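Next come the chains, spelled out residue by residue.
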Amino acid sequence: MRSLKRELMLKSVVIFIVMFMIFASALYKVSEKMIYQDIQEHNVLLVNLVTERIHQAVEKPVYLVRELKAHLELSGSSVTSEEAVNYLKSVEAVYPFVGQIRIVDGEGNVCIVVPENEMVLNTNVKNESFFGIQNKTFDYVWSNVYISQITYQPTITLSTNLEGYFVVVDLRLDKMTDIIAYEGYEALKGMSLVDLHGNYLIDDQMVNVSQRLRFPNFDAIKASMEQGEAFTAVNGVSDTLYAMTPIHDLFLIIQIDRRDAEKPLAILKIGIAAILFIMIVLSLLLFFMNARRTMRDFKNLHDRALAYAEGHYDYSPADSQFQEFNELQHYMETMAGRISKREKQIQQMNDNLEKMVIERTEQLQEANTTLESTNSILAATNVQLETEMAERQKIEVQMVQMNRTLEAKVKARTKALSESKERLEALNNSLEREIAEHKETVSLLEEKEAALQRAVNSAESANEAKSQFLANMSHEIRTPMNGIIGMIDIFSSTDLSEEQLSYLKTIRASSRTLMTILNDILDFSKMEAGKVQIQHEPFDFHQTLEDIYHLFLTSAKQKGITLDIFGDDGIPMMLLGDGNRLRQVLSNLVGNAIKFTEDGAVVIQVKLLNESAKTAKIQIAVKDTGIGIDDANKDRLFQRFSRFNNKWESRVQGTGLGLAISKMLVELMGGSISFNSTKGVGSTFYIEMTFEKYSALTADGNQELEAQQITFEGWKLLLAEDDPTSAFMMQTFLKRYGIEVHRVSDGEQAVTKALSEAFDIVLMDVNMPYVDGLEASRRFRKEGILNRAGKSMIIIAMTAYAMQGDREKCINAGMDDYISKPINFELLIDRLSHYREQVGTNEQSVSDIEVQHITSETHLNATDAADGLALDVVMSALRIASGLDEMTCIEVIKTYLEQSAEIMTALRADGDTGKLLHKLKGSSGNVRAEAIMNLAQRAETLYKMGNHKETFALIDNIEKQLDSYRRAFSDQYHSML
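Residues numbered from 1 in each chain as written. Predicted model: local features only at pLDDT ≥ 70, side-chain atom pairs only at ≥ 80, totals over all residues. Heavy atoms only, no water.

## Topic: the pattern of salt bridges
For the coordinates displayed, the defined rule picks out 20 salt bridges. Residues Glu-611 and Lys-693 are paired through a salt bridge, measuring 2.4 Å at the closest nitrogen-oxygen approach. Of the two residues, Glu-611 sits in strand 14 (residues 601-611) while Lys-693 sits in strand 17 (residues 682-693), which places them 82 residues apart along the sequence. A salt bridge links Arg-779 to Glu-775; the nearest nitrogen and oxygen atoms lie 3.6 Å apart. One end of the pair is Arg-779 and the other is Glu-775, both in helix 16 (residues 773-783) and four residues apart, which spans about a single turn. Overall, the relative accessible area of 31% leaves Glu-775 in the partly exposed class. (Salt bridge = Lys/Arg side-chain N within 4 Å of Asp/Glu carboxyl O. Helix = DSSP H or I, 4+ residues; strand = E, 2+ residues; numbered from the N terminus. Buried < 20%, exposed > 50% of the residue type's maximum accessible area, 1.4 Å probe, protein only.)

## Here's the deal with the packing of aromatic side chains
Counted according to the given criterion, the structure contains nine aromatic pairs. Measuring from centroid to centroid gives 6.2 Å for Phe-712 and Tyr-737, while their planes differ by 55 degrees, and the two rings are tilted. Of this pair, Phe-712 sits in the loop between strand 18 (704-705) and strand 19 (716-720) while Tyr-737 sits in the loop between helix 14 (724-735) and strand 20 (740-744), and the two are 25 residues apart along the sequence. In this structure Phe-712 comes out as buried when scored by relative accessible area, which is 0%. Each ring, one from Phe-733 and one from Tyr-737, has its centre 5.3 Å from the other, and the planes form 50 degrees; the classification is tilted. With a relative accessible area of 11%, Phe-733 lands in the buried category. Tyr-737 sits in the partly exposed class, given a relative accessible area of 25%. Members of the aromatic cluster, connected to one another through ring pairs, are Phe-712, Trp-715, Phe-733 and Tyr-737. For the cation-ring pair, Lys-716 lies above Phe-759, with the distance from its terminal atom to the ring centre recorded as 5.1 Å. (Phe/Tyr/Trp six-rings, centres within 6.5 Å; stacked < 30°, edge-to-face > 60°. Lys NZ or Arg CZ within 6 Å of the ring centre and 35° of its normal.)

## Section: the packing of helix 15 (residues 747-756) against helix 16
Following both chains from N to C, one finds helix 15 and helix 16 inclined at 25 degrees, their axes separated by 9 Å at the closest point. In this view, helix 15 runs roughly parallel relative to helix 16, as classed from their interaxial angle. Crossing of helix 15 over helix 16 shows right-handed handedness. Together, Gly-747, Glu-748, Ala-750, Val-751, Ala-754 and Leu-755 of helix 15 and Ala-776, Arg-779, Phe-780 and Glu-783 of helix 16 make up the contact between the two elements. Partitioned by chemical class, the residues of the contact of helix 15 with helix 16 number six nonpolar, one polar and three charged. (Axes fitted to C-alpha atoms, helices over the stretch in contact; angles between N-to-C directions. Parallel < 35°, antiparallel > 145°, perpendicular 65-115°, else oblique. Left-handed = near helix turned anticlockwise from the far one by under 90°. Contact = heavy atoms within 4.5 Å. Nonpolar A, V, L, I, M, F, W, Y, C, P; charged D, E, K, R; others polar.)

## Brief notes about the sheet that holds strand 10 (residues 250-257)
With respect to topology, four strands assemble into an open sheet ordered 8-7-10-9, the strand pairing being antiparallel. With partners counted over all chains shown, the strands left at the sheet margins are strand 8 (200-203) and strand 9 (240-247), one partner each. Put simply, the sheet's adjacent strands are angled 25 degrees from each other on average, direction ignored. As paired elements, strand 9 and strand 10 share eight bridges and run antiparallel to each other. (Pairing = 2+ DSSP bridges.)

## Topic: unusual backbone geometry
Here the amide bond leading from Val-114 into Pro-115 is cis, since omega sits at 0 degrees, within 30 degrees of zero. Take Pro-115: it is sitting in the loop between strand 2 (110-114) and helix 3 (129-134). Positive phi outside glycine occurs at Asn-122, with the angle close to 70 degrees. Residue classification places Asn-122 among the exposed residues on the basis of a relative accessible area of 62%.

## A closer look at the UniProt feature "transmembrane region" (unreviewed entry) in the chain
Those places that UniProt annotates as "transmembrane region" (unreviewed entry) correspond, in this numbering, to residues 12-30 and 266-289. Taken end to end, residues 266-289 is 100% helix and 0% strand, and its first and last C-alpha atoms sit 35 Å apart. (UniProt positions renumbered as here; feature names shortened; annotations may be inferred.)

## Overview of helix 15
Inspection of helix 15 places Gly-747, Ala-750, Val-751 and Ala-754 among the buried residues, and these make up the whole buried set. Around the axis of helix 15, the buried residues are gathered within 95 degrees of arc, so they sit on the same side. Two to three positions downstream of the cap, the backbone nitrogen of Glu-748 sits 2.9 Å from a side-chain oxygen, assigning the N-cap of helix 15 to Asp-746. (Arc of directions from axis to C-beta. Polar contact = N/O pair within 3.5 Å; in protein donor to acceptor, adjacent residues only side chain to side chain.)

## Focus: the confidence of the model for the chain
Where the model shows low pLDDT, its predicted coordinates should not be examined in detail. For the chain, per-residue confidence averages 76 on the pLDDT scale, and 80% of positions sit at 70 or higher. No element of the chain has a lower mean pLDDT than strand 24 (residues 852-853), which averages 32, and none a higher one than strand 19, which averages 95. Low pLDDT, under 50, characterises residues 647-652; the stretch is placed with eleven contacts to residues that sit more than four places away or in other chains. Overall, residues 696-708 carries pLDDT values under 50, and its contacts beyond four positions in sequence, including any with other chains, amount to 28 contacts. (pLDDT = per-residue confidence, 0-100.)

Written as structure tokens, this is what we have:
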């Protein structure tokens, strides 16, 4: 039952609250609109102020340069005069935002620098953007924002042409922060000036500008501005409101503290809530007062109703002050009179009814006496009927029993049939459900299979497009790199000055860096596609480590750090695996260790973890004392393209793929890679791999060593190459070997030239205009073009494509061989020599082929060793092969001679002869001391065969040759150290 009092109260309160909330909402909306209009007016004021300051900031340096022009014209002085320089110095001293002023001549050389800076003076700025523009105009030219290499602060450059010179003024943006300074607006949180891409230009925190950071949520703020919204709150719940306004080619982003700006609204909310609470309390008080008076009248009515119910029809309460209640009481009194009258009538009727009942009872008693006499007669008749009924009941009992038996049988049969029917129906329903489910499953499987097939097709298409892109990128980069590296090799063999050698070294280093980046990208793409094949072949594990040591020894010494290698005894020499991939991983780890270590040492530690009859588990640790890695960056270390934001990363080169590739290669070889590092202390990288041991029979002494210098006099070669640089490099190189070279620029010209003129061999570039190398090769085979010897024309492909499957494409097109760009000239000569018999020319070697058989009767004396390269030839070969300058090569030779002396001392002290000879052979080969390398190789072979006598005879010859090198080194280069 509902309470009337509660219902009246709730309805009154609800109506009041609804009306009050409508009024409060309207008031709040009006107030909010007024507040945001005030914020908008402040924003317009700020935009106008910043715009005016930007105009002033732009005009001030222009005014200074214009004043310099007027000053020079008035005084008649030159722009490079002392008076002009003094004026520039005063400008730089007075205006803090002027970072540097340069005077550049028409050739791009820096003549004057204010303030003075020897590093900038006399440098050439032709490559800077303003130089090319200033040669076409005398107007003022502004550069893009960049980080100055002198101040390491965001800088913009203003330049103008003055009397044939360029006045270049570097303006420091970190000194112009007053452009966005403003006081007097409490809700203003900050202002930032950004470019069209959202990059910070001027900000309260200039570190955002120095790091070239992008304004957070720039795209969302810009999208809101383009939609016409004056303000936006990122994600709708931010405590900061953003307003973006374009100013020229920039954006001004104003950040407003939402809580401060909306403080009047918060106060208004509190006031409305307080008023609402007070009004509700007052309305409840008024309601309770009225309800009390009203409920008193209701109670009187309730008491009168109870009195009437108990029969007290004369009950009369006091009158009410409300007319309605008095009328209601009057109606109740009238009703009570009528009820009293009706009760009297009912009582009289009850009395009459009782009299009639008594009379009827007497009549029934008389009738009952008559019935008793009749019943006695009927009793006798009833006895007779009962006898007949007993017999009849007996017969009926027998019939009932028979009927029950029949019914039981019918029910049993019916029940059996019903159960069978229910089982059949359940089985049928189950089969129908299974069939429906099977159909749905088949339909879903077909849909999923179709979707999966579409996804596979899409993935294959994407993968094919990616492979094609990488192949095209490889070609586009490798083609010019072929010309660059080839010309470096040719230029290295000419007479060069020290300065030219230094330039050449820089070019070679840059080329190698670019090729390393390209190879890293291609390797990573192959690994992602699962196309990297890990070789399983014998390799010399000790030689691999020794090669890594000698490869980085010079780099370590140049940085003044120590490079050491230590290993456990008993580590097998020959193992089965991919030695080249292991060398690639170690080169990456050791190179990184040296690169990030300024002082201290880099140590390569090799441990034999466990060994069985067939396998050996080896751990290789590369430890450095470098900068280390902080905890925040450790999780990203092996991620692709991962580079950390620190001063070291900006000073070193790389793609950020090295460690990711190393991790993939180690895992492909069945190993694992891990590390531990402490920032500021150093890092240690661990590689753990299990190798199979390799065992093979030692050679029986019939090995042959060849040494020959080949010429190709009389050869006639057709070169199909569209790149002029690569063509010039190839022609220059091949002519040195006596080859007559004819060059064409595309495949069509190659076919035409070969049909009209006979050649011995064809070098065919794959990617050429009009008709490419593949199509040209097919035409060669279709036309049946022969060489001068009457045999099938030899076609060798040259291509910058280096993806898996490119070689097969060339072979399938009819080509005989394949060389990738940049061209390895040693490999090219080897390939040409391979086809000497098919070319059929009769040229001879510069020197006869010399075969030496190492047997137990071999006798070599000091004269054989003396026939090796002289020290100056070794020095020249090392410079050409490595690209190092003369002083660095001298340091390398000095280190080699010191190390070889230690090895010879160990050999005389009955050390491990086989390992020491192998180490000497490797270090001699690295410095191009081929005579000693050959002697060490022969001695190592004889030692493995058990011929110790001849081995130590050769060791004596090696020591004599080393002594001659030391004497020559002391005479020629000691004074230069």
